[in-house]
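Working through the structure, step by step
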Amino acid sequence: MKTASPVPTGDGRTLRVFIWSEYMDPDIVKAFEGQTGARVILDTFESNEAMLAKLQGGGATYDLVVPSSYVVQTMVRAGLLQPLDRARLPNLKNVAPEFLNPPYDPGNRYSVPYQYAATGLAYNKSRYTPQRGWAEIFGPEDRRSFVLLDDPREVIGAALKYLGHSANTADVAQLRAARDLLRRTVAKKGFQGFDGGPGTRNKLLARQIDLGQIYVGDLLIATEENPQVQVVLPREGTTISMDTLVVLKRSPNPALAHRFINTLLDDEVGARLSNYTYYATPNAAARPLLDDFLKAVPALNPPADWLKNGKLNFIDELPDRRAQRLYDRIWTELKSR
Amino acid sequence: MTRTHPLLAAWAWLVYAFLYLPILVLIVFSFNESRFGAEWTGFTTKWYGVLLDRADVRAALGHTLQVALLSTLVSTVLGTLTGLGLWRYTSRARAALSTLLVLPIVIPDVVMGVMLLMFYAAVRAGLERAGWTFDNGFWTVLLAHVTFQISYVALTVRSRLSGYGPELEEAARDLGASAWQSFWRVVLPLAWPGVLAGALLAFTLSLDDFVVTYFTSGSGFQTLPVLIYTNVKRGVTPDINALSTLLILVTVVAVLVANALLRPRRKG
């Protein structure tokens, strides 16, 4: 039988999800399978770039994908996504208003916020407690040992926040100032290199460093086992990375995908999700249901007005190629020093 | 016998320590009570239990072994024949074929993975126009593994035979052996250690491969290396250490078995 449409038709019973590791409570999946009789397949990726490469190459059939916010625009432009059907997502009302209509996807046409983390400063209480936010790292003193995240947008973004600028700026003078600041910073004796979340966490647990730039969720997961490691949001403001739920244009089972998204937006499910991942929930209705441990961490939920007054910036896609080249050049220089 | 200079011996030990200490640390930490690898908080075997409870790990293990065993079988047969052909025939085509065989070895994995991904996408688009659909999965991964394994097998078989000339086969024919008999009783026994070594190499390559497998597998078909690699994003959990320990064990056993098989049998 010939089909004119290039979109494969699904059986309505299998949901294929492409997601980060340890980012979905297996109990939620089991409950959804019980309710719907569907089978859920969870495949994992380790970077937005690898995920994009695989999808753009047409390598696999998925219904639902969990990209970071700054990749959503790229995916829309590449024609990978289908617009969401709002009528099928009544639980969208649970999402906090500050996370709706975001700059990376005006009107939430293609994406729904899933989980997020602000970028904070982590420390080991038994060694040192930071007082002044980013100034502890970028200030003139060179007394503390520290690591920075191995991510260009986070590192340049932090320097920009310390200087009082937006983490998404394309202003050449502001970027030049950030570059000079970062040059001085990585020349400090206290600078212990770039690292990812788990590496920074382990160095803090082992008391090898005083401070580390880290995604709040990546540190919190260790705080319960060892209360000595803590994380704060720098008072100068910081960046926020939001992961989102999107439905692929080639999704064989878009109805099931919408149903799963709506389930994830439920208040109880949303709370269970954050209790599992230690990442923050954009689901306002879920917040009262969070574990007491998470509720007690101020760094998990930044003050609501921080987004409005520009202290907190989503990491957005850069406005043009020239800005992209500037960021690339700063990063290459820092890494090859 | 010449005696090894003590400095040289010390150097050798240092090199061994450099190679094996990380593996030892990994094995030790798979028995660590703590969820985070930084501190030793007590001995436990619970992570092995956690590991066995994970359905995704069991499925990935099954996929890995299926692909590794079948792709090794196919590539060993095809690679051996290719290696024999390269040894036996001299022509201009041989030089071209040799170059072609080295390509999959020198091409970076990422390029190979993306190349195959695009190839499969093109094939799929063509098939869909004809009304057929298929998903990347077992067969696409198997084919991808075979493509890089053949080169390794062919090259080990050819280098094993490089010391012998084609006269051996001619001599067998002169003594009355049929082409079939000379292949089975003269050429293949000579090539056999090369065939085994190539097969073992192919097997471990398939077992270890991440990049090519990541790009050529479809949804719902992950192998162990893909599972492990994509799991380290938020930090290696101790059950992954346990899994790696088990994988090392399997590899060591495979190498020991191969060594025993390859040991030259001395007569008299």
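Residues numbered from 1 in each chain as written. Chains lettered and ligands numbered in written order. Predicted model: local features only at pLDDT ≥ 70, side-chain atom pairs only at ≥ 80, totals over all residues. Heavy atoms only, no water.

**Considering the overall build of chain B**
Counting secondary structure elements, chain B contains eleven helices and zero strands. Listing every helix and strand of chain B by position from the N terminus yields α-α-α-α-α-α-α-α-α-α-α. Overall, the C-alpha framework of chain B stretches about 70 × 70 × 30 Å when taken along its three principal axes. Accessible surface, chain B as shown: approximately 15,500 Å² in total, 70% of it carbon and sulfur. Averaged over its 20 positive side-chain charges, chain B has a centre that lies 7 Å from the centre of its 14 negative ones. (Helix = DSSP H or I, 4+ residues; strand = E, 2+ residues; numbered from the N terminus. Areas by Shrake-Rupley, 256 points an atom, 1.4 Å probe, with all protein chains shown as cover. Lys, Arg positive; Asp, Glu negative; His and termini not counted. Charge placed at Lys NZ, Arg CZ, Asp CG, Glu CD.)

**Here we look at the interface of chain B and chain A**
With 30 residues of chain B at the contact, the number on the chain A side is 40 residues. Counting the surface lost from both chain B and chain A, the interface buries some 3,000 Å², and carbon and sulfur atoms represent 46% of this. Interface area lost by chain B to chain A is led by Phe36, Tyr214 and Arg234 of chain B, which between them contribute 28%. If you look at where chain B meets chain A, you find one salt bridge. One salt bridge connects Glu128 of chain B with Arg250 of chain A, and the closest N-O pair in it is separated by 3.5 Å. There are ten residue pairs in polar contact (both at pLDDT 80 or more) connecting chain B and chain A. Elements represented by at least two residues in the side of chain B that touches chain A include exactly α5 (109–129), α9 (211–216) and α10 (224–231) of chain B. The element that contributes the greatest number of residues to the side of chain B that touches chain A is α5 of chain B, accounting for four residues. (Contact = heavy atoms within 4.5 Å. Buried area = accessible area lost by both parts, 1.4 Å probe. Salt bridge = Lys/Arg side-chain N within 4 Å of Asp/Glu carboxyl O. Polar contact = N/O pair within 3.5 Å; in protein donor to acceptor, adjacent residues only side chain to side chain.)

**Digging into the confidence of the model for chain B**
Residues and elements named next belong to chain B. Mean pLDDT over chain B works out to 86, with 95% of the residues at or above the 70 mark. For chain B, per-element mean pLDDT is lowest for helix α11 (residues 238–262), which scores 80, and highest for helix α6 (residues 138–161), which scores 93. The ipTM value of the predicted complex is 0.77, and its pTM value is 0.84. (pLDDT = per-residue confidence, 0-100.)

**Remarks on the pattern of salt bridges**
When the charged atoms of two side chains lie near each other, side chains of opposite charge can form a pair. Residues and elements named next belong to chain A. Per the counting criterion, the structure on display carries 18 salt bridges over all chains. We note a salt bridge from Arg88 to Asp85, for which the minimum N-O separation is 3.7 Å. Residue classification places Asp85 among the partly exposed residues on the basis of a relative accessible area of 31%. Several salt bridges converge on common partners, so that one network encompasses Arg132, Glu136, Glu141 and Arg143. (Buried < 20%, exposed > 50% of the residue type's maximum accessible area, 1.4 Å probe, protein only.)

**Remarks on the confidence of the model for chain A**
Summary statistics for chain A give a mean pLDDT of 90 and a share of 96% for residues scoring 70 or more. Across residues 1–7 of chain A the pLDDT falls below 50, and counting only partners more than four positions away or on other chains, this stretch makes eight contacts in the model.

**Let's talk about the packing of aromatic side chains**
Under the defined criterion, the tally for this structure stands at 29 aromatic pairs over all chains. On the basis of an interplanar angle of 50° and a centroid distance of 5.8 Å, the ring pair of Phe119 of chain B and Tyr120 of chain B is categorised as tilted. Residue class for Tyr120 of chain B comes out buried when judged on its relative accessible area of 5%. Measuring from centroid to centroid gives 5.0 Å for Phe138 of chain B and Trp139 of chain B, while their planes differ by 80°, and the two rings are edge-to-face. Grouping aromatic residues by their ring pairs yields a cluster made of Phe18, Trp20, Phe45 and Tyr62 of chain A. (Phe/Tyr/Trp six-rings, centres within 6.5 Å; stacked < 30°, edge-to-face > 60°.)

**A short note on the nonpolar core**
Soluble, globular proteins show a tendency: their nonpolar side chains are buried together. Residues and elements named next belong to chain A. Core analysis: the biggest nonpolar cluster contains 91 residues, and Leu55, Val65, Met75, Phe99, Tyr114, Ile261 and Leu264 have the highest contact counts within it. Among the elements that make up this core, the one with the highest residue count is strand β4 (residues 111–124) (six residues). Sequence-distant contacts of Leu264, defined by excluding residues within four places in its chain, comprise Met24, Ile28, Tyr114, Leu245, Val269, Gly270, Leu273 and Asn283. Of all hydrophobic cores here, the second largest spans 28 residues; its members include Val155, Ile156, Ala158 and Ala178. (Core = buried A, V, L, I, M, F, W, Y, C linked by side-chain atoms within 4.5 Å.)

**Here's the deal with the pairing of β4 of chain A**
All names here are of chain A. Burial analysis of β4 places 14 of its 14 residues in the buried class, the great majority of the element. In terms of strand pairing, β4 meets strand β9 (residues 238–247) through seven bridges, oriented antiparallel. Directly across from Ala118, in β9, lies its bridge partner Ile240. Of the pairings in the sheet, the one linking β4 to strand β7 (residues 211–215) comprises five bridges and is antiparallel in character. Considered in β7, the bridge of Ala122 is made with Gly212. (Pairing = 2+ DSSP bridges.)

**Regarding the environment of Phe203 of chain B**
All names here are of chain B. Among the structural elements, Phe203 can be located in helix α8 (residues 179–208). A relative accessible area of 16% means that Phe203 is categorised as buried. Each C-alpha atom, one on Phe203 and one on Ser71, is 7.8 Å from the other, the two residues being 132 residues apart in sequence. Once you skip the residues sitting within four places of it in the chain, Phe203 turns out to touch Ala68, Leu69, Thr72 and Gln149.

**Description of unusual backbone geometry**
Residue and element names in this part refer to chain A. Residue Asn101 is not a glycine yet carries a positive backbone phi of 55°. Along the chain, the position of Asn101 falls in the loop between α3 (69–77) and β4. Despite not being glycine, Asn108 shows a phi value in the positive range, around 50°. Looking at the element boundaries, Asn108 is found in the loop between α3 and β4.

**Points about helix α8 (residues 216–223) of chain A**
With eight of its eight residues buried, α8 of chain A lies for the most part within the structure. Burial in α8 of chain A covers these residues: Val216, Gly217, Asp218, Leu219, Leu220, Ile221, Ala222 and Thr223 of chain A.

**Thoughts on the pairing of strand β2 (residues 39–45) of chain A**
Residue and element names in this part refer to chain A. Summarising burial for β2: five of the seven residues are buried, a large majority. Two elements, strand β1 (residues 14–20) and β2, share seven bridges in a ladder whose sense is parallel. Bridged to Leu15 within β2 is Val40. As a crossover connection, the stretch from β1 through helix α1 (residues 26–36) into β2 is right-handed. (Right-handed = clockwise from strand over helix to strand, strands pointing away.)

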